[in-house]
Structures are given as structure tokens and as C-alpha cells.
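The residues making up each chain are set out below.
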2 protein chains.
Amino acid sequence: MVSIILSNPQMGENIGAAARAMQNFGLSDLRLVNPRDGWPNERADAMAAGALDRIDIKVFNSLKDAIQDLHFVFATTARQRDMVKPCFTPKSAAQEYYHRKNTGQNIGLAFGAERTGMLNDEISLCQASISIPTNPEFSSLNLGQSVLLMSYAFLQSSLTDKMLDNFKKDDSQPAQMDAVHIFLERLIKDLEDRKFFRAPDLKPTMLRNIQNIFTRADITDQELRTLHGVLSALRGNKKAD
Amino acid sequence: MVSIILSNPQMGENIGAAARAMQNFGLSDLRLVNPRDGWPNERADAMAAGALDRIDIKVFNSLKDAIQDLHFVFATTARQRDMVKPCFTPKSAAQEYYHRKNTGQNIGLAFGAERTGMLNDEISLCQASISIPTNPEFSSLNLGQSVLLMSYAFLQSSLTDKMLDNFKKDDSQPAQMDAVHIFLERLIKDLEDRKFFRAPDLKPTMLRNIQNIFTRADITDQELRTLHGVLSALRGNKKAD
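Residues numbered from 1 in each chain as written. Chains lettered and ligands numbered in written order. Predicted model: local features only at pLDDT ≥ 70, side-chain atom pairs only at ≥ 80, totals over all residues. Heavy atoms only, no water.

In this section: unusual backbone geometry. Here the bond from tryptophan 39 of chain A into proline 40 of chain A is cis, since omega is 0°, no more than 30 degrees from zero. Within the secondary structure, proline 40 of chain A sits in the loop between strand S2 (29-33) and helix H2 (42-47). Of note, asparagine 8 of chain A is a non-glycine position whose phi angle comes to about 50°, a positive value. Structurally, asparagine 8 of chain A is set in the loop between strand S1 (2-7) and helix H1 (12-24). Among the residues examined, asparagine 8 of chain A registers a relative accessible area of 31% and is labelled partly exposed. You will see that alanine 49 of chain B, though not glycine, has its phi angle at about 55°, which is positive. Position of alanine 49 of chain B relative to the elements: it lies in the loop between helix H2 (42-47) and strand S3 (56-60). The class for alanine 49 of chain B is partly exposed, based on a relative accessible area of 42%. (Helix = DSSP H or I, 4+ residues; strand = E, 2+ residues; numbered from the N terminus. Buried < 20%, exposed > 50% of the residue type's maximum accessible area, 1.4 Å probe, protein only.)

All names here are of chain A. The buried fraction of strand S6 (residues 107-111) amounts to five of the five residues, a majority that puts the element mostly inside the structure. Both faces of S6 are covered, namely the face carrying Ile107, Leu109 and Phe111 and the face carrying Gly108 and Ala110. Taken together, the five bridges between S1 and S6 define a ladder with parallel strand orientation. Counted as the bridge partner of valine 2 is isoleucine 107 from S6. Across four bridges, strand S4 (residues 72-76) lies against S6 in parallel orientation. Following the sheet pairing, phenylalanine 74 is matched in S6 by leucine 109. (Pairing = 2+ DSSP bridges.)

Sheet strands associate in pairs through backbone hydrogen bonding, adopting either a parallel or an antiparallel arrangement. Residues and elements named next belong to chain B. Taken together, seven strands build an open sheet; the order of strands is S3-S2-S1-S6-S4-S7-S5 and the sheet is parallel. Whereas interior strands pair on both sides, the edge strands pair on one side only; in this sheet they are S3 and strand S5 (87-88). Of the strands in this sheet, strand S1 (3-7) and strand S2 (29-33) are in contact with helix H1 (residues 12-24), which crosses S2 at around 160°. (Contact = heavy atoms within 4.5 Å. Axes fitted to C-alpha atoms, helices over the stretch in contact; angles between N-to-C directions.)

Scanning the entire structure with this criterion turns up 17 aromatic pairs over all chains. Residues tyrosine 97 of chain B and phenylalanine 154 of chain B carry aromatic rings whose centres are separated by 5.2 Å and whose planes lie at 35° to one another, so their mutual orientation is tilted. Of the two residues, tyrosine 97 of chain B sits in helix H4 (residues 90-102) while phenylalanine 154 of chain B sits in helix H6 (residues 143-160), which places them 57 residues apart along the sequence. Each member of the pair, tyrosine 97 of chain B as well as phenylalanine 154 of chain B, is classed as buried. One aromatic cluster in this structure is built from Phe72, Phe74, Phe88, Tyr97, Tyr98 and Phe154 of chain A. (Phe/Tyr/Trp six-rings, centres within 6.5 Å; stacked < 30°, edge-to-face > 60°.)

Over its 17 residues, helix H7 (residues 177-193) of chain B extends 24 Å from the first C-alpha to the last, a length consistent with the 24 Å expected when each residue adds 1.5 Å. When H7 of chain B is considered as a whole, its buried residues turn out to be Met177, Val180, His181, Phe183, Leu184, Leu187, Ile188, Asp190 and Leu191 of chain B. The inward-facing, buried residues of H7 of chain B abut helix H10 (221-235) of chain A together with helix H3 (63-66), helix H8 (203-215) and helix H9 (221-235) of chain B. (Expected span 1.5 Å × (residues − 1).)

Turning our attention to the environment of leucine 143 of chain A. Residues and elements named next belong to chain A. Its location among the elements puts leucine 143 in helix H6 (residues 143-156). Sequence-wise, leucine 143 and arginine 115 are 28 residues apart; in three dimensions their C-alpha atoms are separated by 9.7 Å. Ignoring sequence-local partners within four residues, the contact set of leucine 143 consists of Leu6, Pro9, Asn14, Phe111, Gly112 and Glu114.

The next subject is the pairing of strand S6 (residues 107-111) of chain B. Pairing geometry for S1 of chain B and S6 of chain B, over four bridges, is parallel. For serine 3 of chain B, the partnering residue across the bridge sits in S6 of chain B and is glycine 108 of chain B.

Take the side chain of glutamine 145 of chain A next. Mapped onto the secondary structure, glutamine 145 of chain A falls in helix H6. With residues near it in sequence (within four places) discarded, glutamine 145 of chain A still touches Ser140 of chain A together with Arg20 and Leu148 of chain B.

Residues and elements named next belong to chain A. Taken together, the seven strands give an open sheet; going across it, the order is S3-S2-S1-S6-S4-S7-S5, and neighbouring strands pair in parallel fashion. Each edge of the open sheet carries a strand with a single partner, namely strand S3 (56-60) and strand S5 (87-88). Where S2 and S3 come together, five bridges link them in parallel fashion. Bridge pairing links aspartate 29 to aspartate 56 in S3. Along the sheet face, H1 touches S1 and S2 and points at about 160° away from the line of S2.

Inspection of every chain in the model, using the stated rule, returns 24 salt bridges over all chains. Of the charged contacts in the structure, one is a salt bridge between lysine 203 of chain A and glutamate 192 of chain A, with a shortest N-O distance of 2.7 Å. Note that lysine 203 of chain A is positioned in helix H9 (residues 203-215) and glutamate 192 of chain A in helix H8 (residues 177-193), a separation of 11 residues in sequence. Between lysine 64 of chain B and glutamate 185 of chain B there is a salt bridge, with the nearest N and O atoms lying 2.7 Å from each other. (Salt bridge = Lys/Arg side-chain N within 4 Å of Asp/Glu carboxyl O.)

Any functional reading would require information that these geometric values do not contain.
Put into C-alpha cells, the structure is as follows:
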């Protein structure tokens, strides 16, 4: 898992927002370097929506101390700095992260103070930098938002099986084709009775149109029952009236 | 560009945060459906960091009104619902968006009210749903954060997936929502005339079923003309006989 490091964070609200963002994507190792208002912090608690209880939080006196057990640390910067470091997008950084994690490395993602971002001295402690590509005319991400986007980007590359379980299929499956065809045959017969297909040369096209509409829609059995009812009602059958 | 639609947003702060999130990724079409505290809203302004001046904001009385000129609308949901719609992750939705955008379609991304999320009736107006995969044990994204992540995910794909440019344009475009709604209104009126909705308590479910069938199918203008003809024929109007 990625460790998140906040260097000299000023506002407790942002620490809370960062914790909440992390937990949404299953991250649970937060390291605070000299939080301005000390730690713990009530304002952090108010913003964290319960995430602080689920996260391991440690406080350090310097960024250097905070990264001692890590193998590779990304510095998050608002724009590419004039330093000779590999520069990543969140997406390419996530790939780098997975590659390194698989070889047993501990990876960190460091964020600077709200007003200044990462200072050059801090960046020099890191192995690489990451920037989130934003609108050059309106680049305004706060600390909590940056942590949210980075956590999301890192976790997207390999969702845990548990998370993917949330995406399992609906109860309502599409109907089998025979049920769809029974409805279509009934509809077409009704239309023939009503002399819908007056121009014989257009009939094949019309049939294809109608078929397309109802075969493309992944119709369920329940919906087919609704459509049968609709048809009965429109035809004025006894059943529906 | 994607249009962002906030349905019944409660807090001005969240509208401001959504606008700020959008502008970071270059989005500028925001549609508000019945904002609880009216519009304009001072709290939105305070949270937007200047983004409101850079965004086109329109207010509507219903979600239906808000999507009239769009061709394809994603409903953002916290988890997969029990409705048969295509379900996307942000990443796969972004690919779908990019493909559709290249064929000239107007795409929307709809978000529900803070407390409830998208209601089933609202989802039934949309063509597909998206969920952000989060930690199943701690899923707590607020409205502004959801808009931020979606805007990021959508814009990332346009930055990197240039190869999608090669997708061929279809001849037949999906109809705009207003044309679909005109057909649905006519169908429902006909069904009411025929006393299709005999059990009043079942009527909302029936309406939703019917709406789902025809909004899911990417119906084209030509197909809508066919369906109008089908309806006329089944009703026994002069035109069709």
C-alpha cells in the first residue's frame, strides 16, 4: 500500500479530508510532518467522516524522518519543477507504483504545505515527482482534492477483488432471445392486422427497424411482460381494458 | 465537452465545489435542477475559488428539462442499482464518452441530491450508470468529490486515448432526449386513454419500466419515426389505416 505523507500541513480540515479520501480507496498509512496546529486536531476529526479511526497516523519532526522505511517516494507538485527528477502523471506513476510494490518496495506519496506546495529541499529527498494535469487557465486543487485524485489514480490500476465484487451483475438478467422473438412476432402480427406495412418494398426495412429497437435494449423478462401489456392495451384487447 | 447536471443539490457549498472541480479539468457547462436554496448562491461563490465566472450555469425545473439537447446521459450512483442499464466504471465511461463525442453527441453526467443520490425515476431518464469503485468498508464521497473524480477521469481519457479518434462515425445518431420524451409522452397518454394503469399504486413502477425500455436503447430519429408509426397503427388512427 502507498503511504501518504503530508509535509507541514497547516489546516486540520485538510488533514481530515486527506484521511477521508485515503480510506475511500483503501489507503491507511498517513504520516504527518510538523502539523501546524499539533495532533490530534478537532477540525481534522470533523472533516474525516470517521476515517481517522480507520487509519494509522504517525507524526514526525521532518520529512526525512517520515520516509525512513520507504524505498521510493513521489513528490506531488502543482507543475513540473526545474529539477532533474523523473516526472510522472498520476497514471504513469500508478504503473510505476505497482511494478515496485510487486518487488517488495514500500512506496510513499508526499504532499507539501497548502501555501507553498513541496519545497525544493523536500523534493530533493524524493525519487520522482508527479503532477496532476489540469486546465492551465484554472489550476486550483487544494490539498484534500489532490490526495483524493492521487489515491484514486493509484488504486484504479488494480482494484482489489473485494472492490470489484461490488460490481457484480444485477438480479434482473436480459430475457432469452425466444421470449424477445415471441413479443416481436406478436407485435408484427398486430401491425399486419392494422395494415401498417402498406408499401411492400419498405416492409423488410421496417421490420429490421422494429427488430433493432427491441433487440438492442437488453430487455428483461419483466419488461417484456410490460410490453405485452402495452400491446394489449393499445390494441384494445379485453385483457387490458 | 461533458455537461454536468446536479439534480436537486442541497448545499451551495457543493455547487461551488463542483464548479471548481469542473474548471480544473476544463469543463464549463453546469446545469442545476431545482437547487434547494435558489440561484445564485453566496455559499457556492465562496467555495468556487472564482470558477463560477468561468462556467455557463443554467437552472431547470426538472432533470428531464435539463437534458433535452443531450444524446447520452450517465447517472452517477454510489453503487450499482437493480436496474438494467449498462454500468460503467469512470475509466470505461470515459472511453464511451470519447467515442460518442467524436460522433458529435452531447454527453451529460448527472449527480443526485446529497442525501439520496440519484433516485430511480431520475436514473430511468439516463442511458447508463457510473459508479466510482471505492473501499466497500468506507465509501464516503461527497458531491464535490464525486464531480472532481469524474471530471478528472473523463479528461484523462481525452488526453491519452487518441487512438479512439479512429472510431468511425455512425450514420445513425441517437435522437436527442426531447424527441424521445415526445414519443414517451404520446405512448403514455395513449395508455392512459386505454386505462392501462388500472392499479394506481403500480403506475409509477410501470412508467419507470416503460421509460427504461426506451431510454436504454440509443434510439435514433429514424427509429422514433417508426415507433410513432407503430403507435398510430396500433391505436387505429386514420393515418395508419
